[in-house]
Amino acid sequence: MTRPAAPPDQGTPEGPGTRGRATVVGGGLAGITAALDLADAGLRVTLVESRPRLGGLAFSFLRSSPVGELSVDNGQHVHLRCCTAYLALLDRIGARGLAPLQRRLDIPVLDVGRARPRLGRIRRTAAPVPLHLAAALAAYPHLRPAERLAAARAALALRGLDPADPALDAVDFGGWLRRHGQSERSIAALWDLVGVATLNARAEDVSLALAAMVFRTGLLTAPGAADLGWARVPLGHVHDTLARRALERAGVRVRTGVRVAELNAAADGGWQPLTARGRRADAPPPADTLVLAVPQDQAAALLPPGALADPGRLSRIGTAPILNVHVVYDRTVLHRPLLAALGSPVQWVFDRTEASGLPTGAGQYLALSQSAAREEIDEPVAVLRRRYLPELARLLPAARGARVRDFFVTRERNATFAPTPGVGRLRPATHTSAPGVYLAGAWCATGWPATMESAVRSGQTAAREALARLGQPHGDAPRGSASVRPLNAKETL
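The structure contained in this document is the topic of the report that follows. Because the structure is a prediction, the values reported are computed rather than measured.

### Details of the overall build of the protein
Looking only at helices and strands, the protein features 13 helices and 18 strands. Taken against the 2.2 N^0.38 rule, which gives 23 Å for 493 residues, the C-alpha radius of gyration of the protein at 23 Å falls within 12% of a compact globule. The dimensions of the protein, computed from C-alpha atoms along their principal axes, are 75 × 55 × 40 Å. Per-residue burial for the protein yields a buried fraction of 59% across its 493 residues.

### Some details on the sheet that holds strand β15 (residues 348-351)
The strand order across the open sheet formed by seven strands is β7-β6-β14-β15-β16-β13-β17, and the pairing between neighbours is mixed. If you trace the sheet from one side to the other, it starts and ends with β7 (118-123) and β17 (404-417), each paired once. On average, each strand axis in the sheet is inclined to that of its neighbour by 25°, with strand direction left out of account. By the bridge criterion, eight bridges tie strand β13 (residues 319-329) to strand β16 (residues 364-371) in an arrangement that is antiparallel. Bridging from a neighbouring strand, H326 pairs with A367 of β16.

### Some points on helix α1 (residues 29-40)
With twelve residues, α1 extends 16 Å between its outermost C-alpha atoms, agreeing within 8% with the 16 Å of an ideal straight helix rising 1.5 Å per residue. For α1, a buried count of twelve out of twelve residues is recorded, marking the element as mostly surrounded by other parts of the structure. Of the residues making up α1, those classed as buried are L29, A30, G31, I32, T33, A34, A35, L36, D37, L38, A39 and D40. Looking at the buried positions of α1, the neighbouring elements they touch are β1 (21-25), β2 (44-49), α2 (84-92), α9 (235-249), β12 (289-292) and α13 (452-469). Among the residues trailing α1, G42 stands out with phi positive, at a value near 100°.

### Concerning the nonpolar core
Ranked by size, the top nonpolar core spans 122 residues in total, and within it L38 and F173 carry the most contacts. Counting residues in hydrophobic clusters, the runner-up holds 26 residues, among them L323, L366, L389 and A402.

### Quick look at the packing of aromatic side chains
Enumeration according to the criterion identifies seven aromatic pairs in this entry. Seen from their ring centres, F173 and F215 are 5.6 Å apart, and the 35° between their planes marks the pair as tilted. Placement of the pair is F173 in helix α6 (residues 173-179) and F215 in helix α8 (residues 208-219), with a sequence separation of 42 residues. Where W230 meets F350, the ring centres are 5.6 Å apart and the plane angle is 75°; that geometry is what we call edge-to-face. With a gap of 120 residues between them, W230 in strand β8 (residues 228-230) and F350 in strand β15 connect regions that are remote in the sequence. In this structure F350 comes out as buried when scored by relative accessible area, which is 3%. Three or more aromatic residues joined by ring pairs make a cluster, and in this case those are F173, W176, W191 and F215. Here R53 stacks its cationic end above the ring of F59, 3.7 Å away from the centre of that ring. The ring of W230 carries R232 above its face, with NZ or CZ at 3.9 Å from the centroid.

### Examining the sheet that holds β12
Backbone-to-backbone hydrogen bonds pair the strands of a sheet. The strands run either parallel or antiparallel. Ordered by their spatial adjacency, five strands build an open sheet running β9-β2-β1-β12-β18, and the pairing between neighbours is parallel. Here the strands that pair on one side only, and so sit at the sheet edges, are β9 (253-256) and β18 (437-439). In this sheet, adjacent strand axes meet at a mean angle of 15° when their direction is disregarded. Set on the sheet, α1 makes contact with β1, β2 and β12; between it and β2 the angle comes to about 170°.

### Concerning the side chain of Q272
By the element assignment, Q272 lies in strand β11 (residues 271-274). A polar side-chain atom of Q272 sits 2.9 Å from the main-chain carbonyl oxygen of P284.

### Concerning α13
Each full turn of the α-helix corresponds to 3.6 residues, which orients residues three or four apart in the same direction. Between its first and last C-alpha atoms α13 spans 26 Å; for 18 residues at 1.5 Å apiece the expected length is 26 Å, and the two agree. The buried count for α13 comes to 14 of 18 residues, which makes it a mostly enclosed element.

### A look at the pattern of salt bridges
The final tally for this structure, using the stated rule, is 21 salt bridges. Note that R114 and D111 form a salt bridge whose closest N and O atoms lie 3.5 Å from each other. Under the relative-accessibility criterion, D111 is labelled buried at 2%. Its salt-bridge partner being D227, residue R124 comes within 2.8 Å of it at the nearest N-O pair. Of this pair, R124 sits in the loop between β7 and α3 (134-138) while D227 sits in the loop between α8 and β8, and the two are 103 residues apart along the sequence. Comparing R124 with D227, the two get one shared label, buried.

### What to know about the pairing of strand β10 (residues 262-265)
Side chains E262 and N264 of β10 all project onto a buried face; the interleaved residues L263 and A265 project onto the opposite face, where all are buried too. As judged from the four bridges shared by β10 and β11, these two strands associate in the antiparallel manner. Bridge pairing in β11 places N264 opposite Q272. In textbook terms, the turn of a hairpin is the stretch between consecutive antiparallel strands, and for β10 and β11 this stretch comprises five residues, one of which, G269, has a positive phi near 100°.

Thresholds applied
- Residues numbered from 1 in each chain as written.
- Predicted model: local features only at pLDDT ≥ 70, side-chain atom pairs only at ≥ 80, totals over all residues.
- Heavy atoms only, no water.
- Helix = DSSP H or I, 4+ residues; strand = E, 2+ residues; numbered from the N terminus.
- Rg over C-alpha atoms; globule rule 2.2 N^0.38 Å.
- Buried < 20%, exposed > 50% of the residue type's maximum accessible area, 1.4 Å probe, protein only.
- Pairing = 2+ DSSP bridges.
- Axes fitted to C-alpha atoms, helices over the stretch in contact; angles between N-to-C directions.
- Expected span 1.5 Å × (residues − 1).
- Contact = heavy atoms within 4.5 Å.
- Core = buried A, V, L, I, M, F, W, Y, C linked by side-chain atoms within 4.5 Å.
- Phe/Tyr/Trp six-rings, centres within 6.5 Å; stacked < 30°, edge-to-face > 60°.
- Lys NZ or Arg CZ within 6 Å of the ring centre and 35° of its normal.
- Polar contact = N/O pair within 3.5 Å; in protein donor to acceptor, adjacent residues only side chain to side chain.
- Salt bridge = Lys/Arg side-chain N within 4 Å of Asp/Glu carboxyl O.

Just distances and angles here, no functional claims.
Here is the structure:
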């Protein structure tokens, strides 16, 4: 049974007992970031993760395939140039060059829902905001001229919103778009094209506050803010191998395969994590600082009584699934790194041939990222095969004569929190009322949707608040911290 401890004396990281010790529960991006920042400030940090690997929901695994052993990412994870916290983490672990950004945003969008398939592009110029996207919108073939003009007006109206305004949290984005003159075609071909991929929900199921944050930050602040980046190597190499090396170099004790089941007050203050059945033998040491960087349901189960004024609100934060379809062809069928689709169940297609380790000349490996996939997430593989292979043949003529050498799916049923109207009221701050206990995770109140950026920012905040309580400002970290410089709106990037 958990019970709160009396507030410990304010001490320094060099103090006795639990002081100067920190335990981070959870080895996803939030936990990795918090552990690095706390260790950089001189604390003795232990990071525990229940899985045998780090990386949370952004990981890789090996698959024995008819074409040989493949390194498979559980899903296609993309970041933007405005994701300054995640980019700083990549720098911190020595992985920035492995997840490069586009020089300039360029998304090919193929519409196969009409009699003749038509290719358009969403790409930017170096012009200042909002002119950087004016040429692309003016030539976007998937909207009529009147719809393009209405979309520009809606973008300007969106730019004037304040995502921090609590009133926006209760409004659904789809209704707001319709009230601002957006047709169903415009919503599907423009707003949902971007929004479903970044928010994991369609416009009518999205809080206007989160939508405003995404579109304003990514498209309406700096010209290069929305330039896309993704790992050109397996995610496991970045978020597990390289992150683990960085943690160990920083002095963090990393323990995987350890599930914390309970928190007890330590005898000399702070907290003693316990594993199943209250065992101490394999549990991390007691610590004055504890960061719970786990999913919201697990955090709710571990938090001491009284840590949150309304702990039940964590269970009211819904989740949303993402489905990923993986296809290996015997030849090259996609002659670009990515493609977005309209008029098809297919949403986004990425070429993962090189990253997967597919032998040269063995064909091409494509990954389809299907967000907001609640209706498909439990469909049998055979059903998904019958649905998606013909659709790929419609999108990619070269696939019509190609042989499928492997087909499989990966499913993340709780990939993100659901960004529904009202979710902002449920997302908790990082600090709690339990002395020394902090929350971290993409589901915390970062202002961002459930992205890698949100996870990293929450870890930064947890470390910063913990260090402030210990009397050590975050900026005093003696070694390279994952703290970041804000994006300069004047940069052309």
